[in-house]
Amino acid sequence: MYDTILVTLDGTASDRAIIEHIKKLAQLAHSRLVLLHVADGWAARTYGRDAVSPEIAEDTAYLEKVLGEFQSAGISAQAELAYGEPANEIIKWVKQKGCDLVAMSTHGHRFLADVFLGTTASRVQHSISAPVLLLRAK
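Let me sum up the structure you'll find in this document.

About the criteria used
Residues numbered from 1 in each chain as written. Predicted model: local features only at pLDDT ≥ 70, side-chain atom pairs only at ≥ 80, totals over all residues. Heavy atoms only, no water. Salt bridge = Lys/Arg side-chain N within 4 Å of Asp/Glu carboxyl O. Helix = DSSP H or I, 4+ residues; strand = E, 2+ residues; numbered from the N terminus. Buried < 20%, exposed > 50% of the residue type's maximum accessible area, 1.4 Å probe, protein only. Phe/Tyr/Trp six-rings, centres within 6.5 Å; stacked < 30°, edge-to-face > 60°. Core = buried A, V, L, I, M, F, W, Y, C linked by side-chain atoms within 4.5 Å. Polar contact = N/O pair within 3.5 Å; in protein donor to acceptor, adjacent residues only side chain to side chain. Contact = heavy atoms within 4.5 Å. Axes fitted to C-alpha atoms, helices over the stretch in contact; angles between N-to-C directions. Parallel < 35°, antiparallel > 145°, perpendicular 65-115°, else oblique. Left-handed = near helix turned anticlockwise from the far one by under 90°. Nonpolar A, V, L, I, M, F, W, Y, C, P; charged D, E, K, R; others polar. Pairing = 2+ DSSP bridges.

Let's shift gears to the pattern of salt bridges. Oppositely charged side chains may form a pair once their charged atoms are brought near each other. In the structure shown here, the tally under the stated rule is eight salt bridges. When the shortest N-O distance is used, the salt bridge between Lys23 and Glu20 registers 3.5 Å. Taken as a pair, Lys23 and Glu20 lie in helix 1 (residues 15–29) at a separation of three residues, close to a single helical turn. A relative accessible area of 17% places Lys23 in the buried class. Accessibility expressed as a relative area gives 35% for Glu20, which makes it partly exposed. Among the ionic pairs, Lys97 bridges to Glu80, the shortest N-O distance being 2.9 Å. Here the residue Lys97 occupies a position in helix 4 (residues 86–97), and Glu80 occupies one in strand 3 (residues 77–83), the gap between them amounting to 17 residues. For Lys97, a relative accessible area of 49% gives the class partly exposed. Looking at Glu80, the relative accessible area reads 17%, which means it is buried.

On to the packing of aromatic side chains, then. Applying the stated criterion across every chain, the model contains one aromatic pair. Both rings, one in Trp42 and one in Tyr47, keep their centres 5.7 Å apart while their planes meet at 80 degrees; by these two values the pair is edge-to-face. With relative accessibility at 61%, the residue Trp42 sits in the exposed group.

Looking now at the nonpolar core. If you look at the biggest cluster of nonpolar residues, it comprises 26 residues, and the most contacted ones within it are Ile5, Val7, Leu9, Ile22, Leu33, Leu35 and Phe70. Residue assignment for this core shows that the elements contributing at least two residues are strand 1 (4–9), helix 1, strand 2 (32–39), helix 2 (42–47), helix 3 (54–72), strand 3 and strand 4 (101–106). Formed by 17 residues, the second largest nonpolar core is a distinct cluster that contains Ala87, Val102, Met104 and Ala121.

Here the focus is the side chain of Ser31. Checked against the element boundaries, Ser31 lands in the loop between helix 1 and strand 2. Within the local environment of Ser31, its side chain forms a polar contact with the backbone oxygen of Tyr2, the two atoms lying 2.4 Å apart. Those residues in contact with Ser31 that sit more than four places away from it in its chain are Tyr2, Asp3, Ile5, Ala26, Ile75 and Ser76.

This paragraph deals with the packing of helix 1 against helix 3. Across the interface, helix 1 lies against helix 3 with an axial gap of 11 Å and an inter-helix angle of 25 degrees. Taken together, the axes of helix 1 and helix 3 are roughly parallel relative to one another. In the crossing of helix 1 with helix 3, the sense of the turn from one axis to the other is right-handed. Across from Asp15, Arg16, Ile19, Glu20, Ile22 and Lys23 in helix 1, the residues of helix 3 making contact are Tyr62, Val66, Glu69 and Phe70. Classifying every residue of the contact of helix 1 with helix 3 by side-chain character gives five nonpolar, no polar and five charged.

Looking now at the sheet that holds strand 4. In spatial order, the strands read 3-2-1-4-5; together these five strands make up an open sheet with parallel pairing. Each edge of the sheet is formed by a strand with only one pairing partner; in this case those strands are strand 3 and strand 5 (132–136). Sheet twist, expressed as the mean angle between neighbouring strand axes with direction ignored, is 25 degrees. Across the sheet, helix 3 is in contact with strand 1, strand 2 and strand 3; its angle to strand 3 comes to roughly 160 degrees. Lying over the sheet, helix 4 contacts strand 1, strand 2, strand 3 and strand 4, oriented at roughly 145 degrees with respect to strand 2.

Here it is in structure tokens:
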């Protein structure tokens, strides 16, 4: 059912909600995971894959740590780092590579914050045809 699950990570504590949920789901469905983090700092937005910054180093280390966590649980996973605006990069990834499910944690902003800040999750779910699993972080 879910051969490939794209798990988006923002590098904050809210990721724990989706990580723990997806561990169980991936084991049940025998899914392959792709962990995607979008570096969105100045260097990442300006230089893309050629960016070198403390942010990129931290993001890479974080992805490797989470990847190891899934692999040590016996779950097939790979990690990818994208560069730019998170919603755009997630949408582009799904449209180019495809997946059976996109799994994301949400921060739970309310109406006014969503209007002014926009929400990555909302933009993604309205721009792709794959199902989106949203879990609100505690």
